[in-house]
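Reading the structure
Here's the letter readout for the chains.
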Amino acid sequence: MTTRRDEEFMRAALNEAKKALGQTSPNPAVGAVVVIDNRMVAKGHHRKVGRDHAEIECLRDFGARVPARATLYVTLEPCSTAGRTAPCTDAIIKAGIKNVVVGAFDVNPRHSGKGIVQLRNAGVKVREGILADECSRINEAFNKWIVCGRPFVIAKCGMSLDGRLTRPDGEPRWITDPSARRHARRLRAGVDAILVGAETVRADNPRLTVRGVRWVRQPWRVVLTRSGKLPRRARLFSDRFASRTLIYRDKSLATVLKNLGKRGIISVLIEGGGEVLGQALDARLIDKVQLYLGPSLSGGPVIAFPGPGAENTADALRLRCVSYRKIGQSVCITGYPEALPPE
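Just so we're clear, the structure is a prediction, and the values are computed from it rather than from any experiment.

With that settled, the discussion passes to the side chain of K156. Tracing the backbone shows K156 in strand β6 (residues 152-159). Classification of K156 by relative accessible area gives buried; the value is 11%.

Cis geometry marks the peptide bond from S25 to P26, where omega comes out at 5°. Within the secondary structure layout, P26 lies in the loop between α1 (4-18) and β1 (31-36). Of the consecutive residues G272 and G273, the connecting peptide bond is found in the cis state with omega at 0°.

One open sheet holds the five strands; their spatial order is β2-β1-β3-β4-β5, and the pairing between them is mixed. Across the chains shown, the open sheet's two edge strands, defined by having one partner strand only, are β2 (39-45) and β5 (125-128). In this sheet, adjacent strand axes meet at a mean angle of 20° when their direction is disregarded. Here four bridges tie β1 to strand β3 (residues 71-76), and the two strands are oriented antiparallel to one another. Counted as the bridge partner of V33 is Y73 from β3. Packed onto the sheet, helix α4 (residues 114-121) meets β4 (99-104) and β5 and runs at close to 150° relative to β5.

What follows is about helix α11 (residues 274-282). Taken together, the buried positions of α11 are G274, V276, L277, G278 and A280. Where the residues of α11 are buried, they touch β6, β7 (193-197), α10 (253-262) and β10 (267-272). Immediately downstream of α11, the backbone of R284 shows phi near 55°, a positive value.

This part covers the pairing of β10. Of all six residues in β10, six are buried, a share of seventy percent or more. Relative to β10, β6 runs parallel, the two sharing four bridges. Paired with I154 across the two strands is L269, which belongs to β10. Of the strand pairs in this sheet, β7 and β10 are connected by four bridges, and their pairing is parallel. The residue bridging A193 from the neighbouring strand is V268, located in β10.

Basis of the calculations
Residues numbered from 1 in each chain as written. Predicted model: local features only at pLDDT ≥ 70, side-chain atom pairs only at ≥ 80, totals over all residues. Heavy atoms only, no water. Helix = DSSP H or I, 4+ residues; strand = E, 2+ residues; numbered from the N terminus. Buried < 20%, exposed > 50% of the residue type's maximum accessible area, 1.4 Å probe, protein only. Pairing = 2+ DSSP bridges. Axes fitted to C-alpha atoms, helices over the stretch in contact; angles between N-to-C directions. Contact = heavy atoms within 4.5 Å.

The following block contains the structure:
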């Protein structure tokens with residue numbers, strides 16, 4: 001039975017896991033805490049591919065033999081096979097842990113449930129499913145990639161209230177205010193790649209870099225182009241991260257995403273322009289949207305999601321789990337497309 005204390009300690013483990021977001025790809029972000037007599041005595045998270053997993057970090061943080069009354073809370077089912085590191089189940093059993101609480105199951109069909117079975121066979125009492133949705137959501141990109149082999153796609157843009165990406169000629173280029181733009185840029189720290197079209201490179205000469213966040217790696221920068229004619233002096237090709245820029249010429253967005261998945265890229269942030277966003281919408285390739293609405297009506301030719309669109313209202317892409325947040329004078333809308341009904 002789930003108790004308030006269980007949720008409290010699992011939430012502490014989730015806070016540990018959040019420290020790893022954007023750092024562990026293609027591994028999941030995982031956090032763990034050890035609790036003795038209703039008091040958290042150790043914590044840890046998986047820091048980077050090849051480094052110890054959250055459970056091992058947590059046990060090291062405790063630094064002593066774990067008493068039988070202790071409970072280990074971990075956001076994801078402990079691994080039961082050897083990879084870059086030894087199985088966490090072996091370490092848990094060896095440490096003398098007798099009680100484990102798991103948030104989410106491993107979605108990989110080769111591993112799902114096996115870690116829990118190994119622990120139970122060794123006499124460990126295991127409870128699962130505590131804050132399962134939250135523990136699963138934190139690894140939404142990993143979960144899609146491990147099951148489908150394709151990256152999780154976030155469509156992001158800042159637009160006017162009438163759905164435009166540009167102001168009239170001569171006006172300032174920014175539609176949203178500085179606080180909303182800072183919030184949007186932090187998205188980059190949590191993804192493996194940022195994708196734009198060639199026109200965005202020509203018109204804006206963007207950096208597409210992570211700024212204002214410490215201790216993060218620079219995501220790949222992906223450019224889609226039909227002609228291959230790109231300004232060689234653009235920042236994407238001349239700055240210190242030029243080696244992390246990928247160019248795809250005359251490839252469909254679906255093909256590009258499939259190739260990125262094969263490279264171990266598990267999450268992609270589409271930042272523009274309108275043509276690429278429209279392709280992603282029409283092909284139903286979007287897993288999450290994050291839109292920033294500025295307080296203006298600009299008109300103009302550059303629409304946020306152009307293209308053929310839905311034939312009728314019933315076929316429109318609808319969102320679930322929608323949230324609205326006011327940031328400065330802008331509004332951030334986040335949501336997840338509903339699954340298409342079976343034909």
